[in-house]
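Listed below, chain by chain, are the residues.
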Amino acid sequence: MIPAIEAQGAHIPLIGLGTWDLRGRTCARVVEQALRLGYRHVDTAELYENEREVGEGVRASGVKRDEVFIVTKIWPSHFGPRELERAAKDSMVRLRLSEVDLLLLHWPNPQIPLSETLPALGKVKRMGLARHIGVSNFTVALIEEAVRLADEPLVCNQIEVHPLLDQSKVIAACRRHRMAIVAYSPIARGTLKDHQVLTRIGRAHGKTAAQASLRFLVQQGIAVIPRTSRIERLSENLAIFDFELSAAEMAEISRLASRDGRIVDYAYSGAPKWD
Ligand SMILES: NC(=O)c1ccc[n+]([C@@H]2O[C@H](COP(=O)([O-])OP(=O)(O)OC[C@H]3O[C@@H](n4cnc5c(N)ncnc54)[C@H](OP(=O)(O)O)[C@@H]3O)[C@@H](O)[C@H]2O)c1
């Protein structure tokens, strides 16, 4: 059983499967296998053009719907109230679900005021299309604004987090508002697999550098959503709950972080970059 973090009534399994860039049969097969291996959390988005295959993979796994935490995201061009409702319904059709467990705003969109988008997101929740709602790629200032404007709890901010990136300010803001932190690119797009410090620390526990990176995050109560297209790596990434990093190891990994360690250097159409 995978541990979960609790945030304002949402129970988010600490590890999920990322699916960006997984398409077609590969995507459905990886999702099915992940669930058979014990994953209970799957991350997709309308942007990824794989919601259909994610839904197929979930059904093919035979795991009961209420045992899987399914997350999708609305693309910022759909943040106008009417478009948001339409986009959420379209996602449910593609996933062949009546509701997702968590529906996120994918990136901030400075062209559409949050005072319009957040009530629309709350409404979509009350319509029964999402059990919980949240945001992604929100900065400290945007978190503060969103929390003030939301009429339903925002349970999560999905952001880039891994050992090379210092996200302490935004993490503190999420904690202040009891929002779960879900780390995307948690092994820095695979680049951490040969990292010297992580390899050494992992080896001391009979683990890989990727596992040390994921463990470093979950041990802080941060959920991780690593993506892989390889079945053998699904098991590797899941095997992070049977060892513990020492305080000294946690501190050593923390020292690898810098403010410019970001990989996903993207901002939607003029959205503020980072604090
Ligand atoms: N909210 C957002 O704006 C946002 C942005 C980016 C990503 N995300 C989400 O977060 C998920 C994860 O982030 P990500 O895909 O950017 O990066 P990631 O999970 O850090 O890294 C994925 C890469 O690492 C490799 N990999 C996976 N497990 C490995 C292991 N144990 N050892 C060595 N290499 C390994 C994979 O290659 P193989 O396939 O060859 O294993 C893949 O190339 C995405 O899929 C998506 O669902 C969200």
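What you see is a predicted model, and the numbers here were worked out from it, not measured in a lab. (Residues numbered from 1 in each chain as written. Predicted model: local features only at pLDDT ≥ 70, side-chain atom pairs only at ≥ 80, totals over all residues. Heavy atoms only, no water.)

Within the chain, the secondary structure is distributed over ten helices and ten strands. Relative to the compact-globule value of 19 Å for 275 residues, the chain shows a C-alpha radius of gyration of 18 Å, a close match. Dimensions of the chain, computed from the C-alpha atoms along their principal axes, are close to 55 × 40 × 30 Å. In the chain, which comprises 275 residues, the proportion classed as buried is 55%. (Helix = DSSP H or I, 4+ residues; strand = E, 2+ residues; numbered from the N terminus. Rg over C-alpha atoms; globule rule 2.2 N^0.38 Å. Buried < 20%, exposed > 50% of the residue type's maximum accessible area, 1.4 Å probe, protein only.)

For the rest of this paragraph, the subject is helix α2 (residues 51-61). Of all the residues in α2, the buried ones are Glu51, Glu53, Val54, Gly55, Gly57, Val58 and Ser61. At its buried positions, α2 is contacted by α1 (24-37), β4 (41-43), β5 (69-74) and α3 (81-95). Directly after α2, the chain includes Gly62, whose backbone phi takes a positive value near 80°. (Contact = heavy atoms within 4.5 Å.)

Attention shifts here to the sheet that holds strand β3 (residues 17-18). Strand order across the open sheet formed by eight strands is β3-β4-β5-β6-β7-β8-β9-β10, with parallel pairing between neighbours. Only two strands of the sheet have a single neighbouring strand rather than two, namely β3 and β10 (223-224). Note: β5 against strand β6 (residues 100-105), four bridges, orientation parallel. Residue pairing across strands places Ile74 opposite Leu105, the latter belonging to β6. (Pairing = 2+ DSSP bridges.)

Throughout the structure, instances matching the rule amount to 16 salt bridges. Across the pair Lys73 and Asp43 runs a salt bridge whose closest N-O atoms are separated by 2.7 Å. Within this pair, whereas Lys73 is found in strand β5, its partner Asp43 is found in strand β4, the two being separated by 30 residues in sequence. The pair formed by Lys73 and Asp43 is uniform in burial state, with each residue classed as buried. One salt bridge in this structure joins Arg176 and Glu144, with 3.1 Å as the shortest N-O distance. Here Arg176 is found in helix α6 (residues 168-176), whereas its partner Glu144 is found in helix α5 (residues 140-149), with 32 residues between them in sequence. Judged by relative accessible area, Glu144 falls into the partly exposed class, the value being 30%. Look at the salt bridges and you will find they share partners, linking Lys125, Arg126, Asp151 and Glu152 into a network. (Salt bridge = Lys/Arg side-chain N within 4 Å of Asp/Glu carboxyl O.)

As a matter of local geometry, the ligand sits amid 29 residues, with Asp43, Arg189, Arg227, Thr228 and Ser229 nearest to it. Here Pro186 contributes a backbone N or O atom positioned 3.3 Å from an oxygen atom of the ligand. Between an oxygen atom of the ligand and a main-chain N or O atom of Gly190, the distance comes to 3.3 Å. Sorting elements by how many residues they give to the shell around the ligand places helix α9 (residues 231-238) first, with three residues. Of the residues belonging to the shell around the ligand, the class tally is ten nonpolar, eleven polar and eight charged. (Near = heavy atom within 4 Å. Polar contact = N/O pair within 3.5 Å; in protein donor to acceptor, adjacent residues only side chain to side chain. Nonpolar A, V, L, I, M, F, W, Y, C, P; charged D, E, K, R; others polar.)

Within the fold, Pro163 resides in the loop between β8 (154-160) and α6. Pro163 sits in the buried class, given a relative accessible area of 1%. Sequence separation of Pro163 and Phe79 is 84 residues, and the distance between their C-alpha atoms is 32 Å.

Turning next to helix α4 (residues 114-126). The end-to-end C-alpha distance of α4 is 18 Å, a good match for the 18 Å that 13 residues give at a rise of 1.5 Å each. Among the residues making up α4, those that are buried are Leu114, Thr117, Leu118, Ala120, Leu121, Gly122 and Val124. Buried-residue contacts for α4 involve α3, β6, β7 (130-136), α5 and β8. Phi turns positive, to about 90°, at Gly128, one or two residues after α4. (Expected span 1.5 Å × (residues − 1).)

A few words now on the nonpolar core. Within the largest apolar cluster, 94 residues are counted, with the highest numbers of intra-cluster contacts made by Ile12 and Leu105. Sort the elements by how many residues they give to this core and helix α8 (residues 209-218) lands first, with seven residues. (Core = buried A, V, L, I, M, F, W, Y, C linked by side-chain atoms within 4.5 Å.)

Read these as spatial facts, not as claims about activity.
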